[in-house]
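Coordinate inspection notes
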Amino acid sequence: MWRMKAIAISVVVLGALLFGAVIAYAGWGWNAKVDVNGTVVSTAWTVVGDEDGANNYRAKIKITVPEDADAEIVETAVGIEKVSLRSSKKLQCTEAGAESTVSYKVKHVGDGEPGDHVEVTVSQVSGGAVLASASGSLGETITVNALIPGVC
């Protein structure tokens with residue numbers, strides 16, 4: 001009986017260690033989420049070349065949608081991301097969805113060397129479709145335009 005318990009505990013501990021190793025070497029990223037006309041999108045950003053984590057960085061994310069779009073911020077990384085939601089007369093709601101502009105500005109605030117560059121994406125949470133992506137340097141504004149599916 002004690003052997004079965006020891007084997008079961010060993011398997012659980014080994015699984016946790018393997019999972020932790022995979023996560024440690026997989027890199028990291030943070031993403032605020034916003035709901036636009038019932039479609040939730042992720043505004044992900046990752047600093048490539050720094051596996052220490054997002055605590056070394058701060059991101060400002062500005063999301064602009066059409067005036068007639070129904071939008072709200074659903075989730076942010078508190079203390080790491082500052083997310084703002086704006087509306088614009090220049091962006092349109094169409095049958096295909098809502099035009100949007102998402103800009104990211106990521107700064108290094110930690111000790112040590114900063115990462116190489118920033119990669120950003122706007123993805124539909126349901127289904128994981130990437131709507132827009134770009135990359136750029138730390139400290140510069142990286143802007144992507146995305147058509148967010150959904151009825152306006």
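Coordinates for the structure precede this section.
Residues numbered from 1 in each chain as written. Predicted model: local features only at pLDDT ≥ 70, side-chain atom pairs only at ≥ 80, totals over all residues. Heavy atoms only, no water.

Quick notes on the overall build of the protein chain
When helices and strands are tallied, the protein chain shows 1 helix and 10 strands. N-terminal to C-terminal, the α/β element order of the protein chain is α-β-β-β-β-β-β-β-β-β-β. Looking at the protein chain as a whole, 34% of its 152 residues are labelled buried. Within the protein chain, contacts between residues separated by at least 24 positions form 62% of all contacts whose residues are at least 6 apart in sequence. Carbon and sulfur atoms make up 55% of the accessible area of the protein chain, which totals about 9100 Å². (Helix = DSSP H or I, 4+ residues; strand = E, 2+ residues; numbered from the N terminus. Buried < 20%, exposed > 50% of the residue type's maximum accessible area, 1.4 Å probe, protein only. Contact = heavy atoms within 4.5 Å. Areas by Shrake-Rupley, 256 points an atom, 1.4 Å probe, with all protein chains shown as cover.)

A short note on the environment of Ser 103
Mapped onto the secondary structure, Ser 103 falls in strand S7 (residues 97-108). Separated by 38 residues in sequence, Ser 103 and Thr 141 place their C-alpha atoms 6.4 Å apart. Those residues in contact with Ser 103 that lie beyond four places of it in its chain are Lys 60, Ile 61, Lys 62, Thr 141, Ile 142 and Thr 143.

Overview of the nonpolar core
Of all hydrophobic cores here, the largest spans 29 residues; its most connected members are Trp 45, Ile 61, Tyr 104 and Val 122. Mapped onto this core, the elements with two or more residues apiece are strand S1 (30-36), strand S2 (39-48), strand S3 (57-66), S7, strand S8 (117-124) and strand S10 (141-148). Tallying contributions element by element places S3 first for this core, with 5 residues. Each residue touching Val 122, except ones within four places of it in the same chain, is listed here: Val 41, Ser 42, Val 102, Tyr 104, Ala 129, Val 130, Leu 131, Ala 132, Val 144 and Ala 146. (Core = buried A, V, L, I, M, F, W, Y, C linked by side-chain atoms within 4.5 Å.)

Observations regarding unusual backbone geometry
Positive phi is not limited to glycine here, since Asn 37 has a value of about 50°. Within the secondary structure layout, Asn 37 lies in the loop between S1 and S2.

Remarks on the environment of Thr 101
The topology assignment puts Thr 101 in strand S7. Those residues in contact with Thr 101 that lie beyond four places of it in its chain are Lys 62, Ile 63, Thr 64, Leu 91, Thr 143, Val 144 and Asn 145. A distance of 3.2 Å separates polar atoms of two side chains, one belonging to Thr 101 and the other to Asn 145. (Polar contact = N/O pair within 3.5 Å; in protein donor to acceptor, adjacent residues only side chain to side chain.)

Looking at the pairing of S8
Looking at chain direction, S2 and S8 are connected through 8 bridges and run antiparallel. The residue of S8 that forms the bridge with Val 47 is Val 118. Across 6 bridges, S8 lies against strand S9 (residues 130-136) in antiparallel orientation. Across the sheet, residue Glu 119 finds its bridge partner in S9, namely Ser 135. (Pairing = 2+ DSSP bridges.)

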